[in-house]
Amino acid sequence: MFSSKVGIINIPKFTKSLWKNQVAKNSFVRQASSGQSADQLKEFKDDTADYLGETKTSAAMIAYLKRAQAHTEFIEKHSHEFQVGRRHLANIMGRDPETFTQEDIDESIEYLFPSGLFEPLARPMMKPPETIFAAKKEAEFDESGKPFHWLFYTTYPNFFELLHNVVGKMKELNRFEDEQIRKGLTPPENSAVSMGGMEWLPKKLLDKKLLEEIPEDAYKQFLALMDRFIQHPYAYLAADTYEPVRKSLLDKRKQIVELEPQFTEDGRTYITTTDNTKRPAVAKVTVYNPGTGKFTVNGEDLLYFKDVQSREQRTQIGSQASSVMSERD
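These lines cover the structure that appears in this document, whether it is placed above or below.

1. Thoughts on a nonpolar patch on the surface
A contiguous nonpolar patch, built from Phe74, Leu121, Met125, Ile132 and Phe133 and spanning about 470 Å² of accessible area, is present on the exposed surface. Among the structural elements, Phe74 can be located in helix α3 (residues 59-92). Its relative accessible area of 31% is what places Phe74 among the partly exposed residues.

Pasting the structure below:
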């Protein structure tokens, strides 16, 4: 730094790093001007990068990338095994492997490996590895430590990105509403978004969806924001914003239509079902109340079922059906 009557002139200090960069740059120019081939230039450039320390990666970053790669390879391996097993199972059941769905797999496993265990997770199953093993985030930053996600430093990037998108969509709806008001138009009747029979995803499901363990206070902010969002008069236009984060309250098992009991000549109630199918077999079942305690299957007693477990399951189902009919009476 020199001072004069004109002013102060700053001269950068010629440090070792600047000297190394200048030497490397001059060397590469000389190599390029000497008629070197492209491969030779690339090799020389890689050596220069190593000399300048550009490819240096911390041990923690290397360990992180190895863990992420190991998890990805683990899922890919088991996904391949699942697909092979799915095709074998389809062949065993005499079905087309190309159209063999997860529902078909579940029915086949239940048929081939009947279980009387009451806990569903304890029963035999065949599911894709993505549903069995907990999902993990992919690498969140590159080898130099620079994060990929622009909200990485919020510690919950996926969650805050969700909130950011909801607020952005709300602003779009506000602009659309202003345009409709200027045109003298109003929202259609019965267009309000209803939460009847629906609820926002519980915290555990939202955590699983976002792969982040969200604090309770943050989850309450999410609920408040979504409640406000669906109150917008034009929220129905943004179904792709709120549908992924809500679910039905109704259990499919509770949506089964109850059969209306009928009466015999002697006054006993009974119900008959005819839509009981298992592969090509179709069963017609009639349950009486009060009953005699006897089971008749194709003209035989309960010993028609050779397997003890099958007989016990039929007995239990019959008792449950009889108790339901008693409650209806």
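2. What to know about the pattern of salt bridges
Scanning all chains against the criterion turns up eight salt bridges. Between Asp104 and Arg95 there is a salt bridge, with the nearest N and O atoms lying 3.4 Å from each other. The class of Asp104 is buried, set by a relative accessible area of 12%. Owing to a relative accessible area of 41%, Arg95 belongs among the partly exposed residues under this scheme. The partner of Lys127 in a salt bridge is Asp106, with the nearest N and O atoms 3.3 Å apart. One end of the pair, Lys127, is in the loop between α4 (102-112) and α5 (129-132); the other, Asp106, is in helix α4, and 21 residues separate them in sequence. Classification of Lys127 by relative accessible area gives partly exposed; the value is 32%. Here Asp106 falls in the partly exposed class, since its relative accessible area comes to 29%.

3. Here's the deal with the environment of Met125
Position of Met125 relative to the elements: it lies in the loop between α4 and α5. With 20 residues separating them along the chain, Met125 and Ile105 place their C-alpha atoms 8.6 Å apart. Excluding residues within four positions of it along the chain, Met125 makes contact with Ile109, Pro120 and Ile132.

4. Considerations on the nonpolar core
Leu206, Phe222 and Phe229 are the most contacted members of the largest nonpolar core, which has 24 residues in total. When contributions to this core are tallied by element, the ones reaching two or more residues are α6 (157-182), α7 (203-210) and α8 (216-230). Among all residues touching Phe229, those that are not within four sequence positions of it are Val166, Lys169, Met170, Leu173, Ala235, Ala238, Thr241 and Tyr242. Formed by eight residues, the second largest nonpolar core is a distinct cluster that contains Phe82, Met93, Ile105 and Met126.

Reading the values: rules and limits
- Residues numbered from 1 in each chain as written.
- Predicted model: local features only at pLDDT ≥ 70, side-chain atom pairs only at ≥ 80, totals over all residues.
- Heavy atoms only, no water.
- Patch = residues over 30% accessible without salt bridge, like charges linked within 9 Å, V, L, I, M, F, W, Y side chains within 5 Å.
- Areas by Shrake-Rupley, 256 points an atom, 1.4 Å probe, with all protein chains shown as cover.
- Salt bridge = Lys/Arg side-chain N within 4 Å of Asp/Glu carboxyl O.
- Helix = DSSP H or I, 4+ residues; strand = E, 2+ residues; numbered from the N terminus.
- Buried < 20%, exposed > 50% of the residue type's maximum accessible area, 1.4 Å probe, protein only.
- Contact = heavy atoms within 4.5 Å.
- Core = buried A, V, L, I, M, F, W, Y, C linked by side-chain atoms within 4.5 Å.

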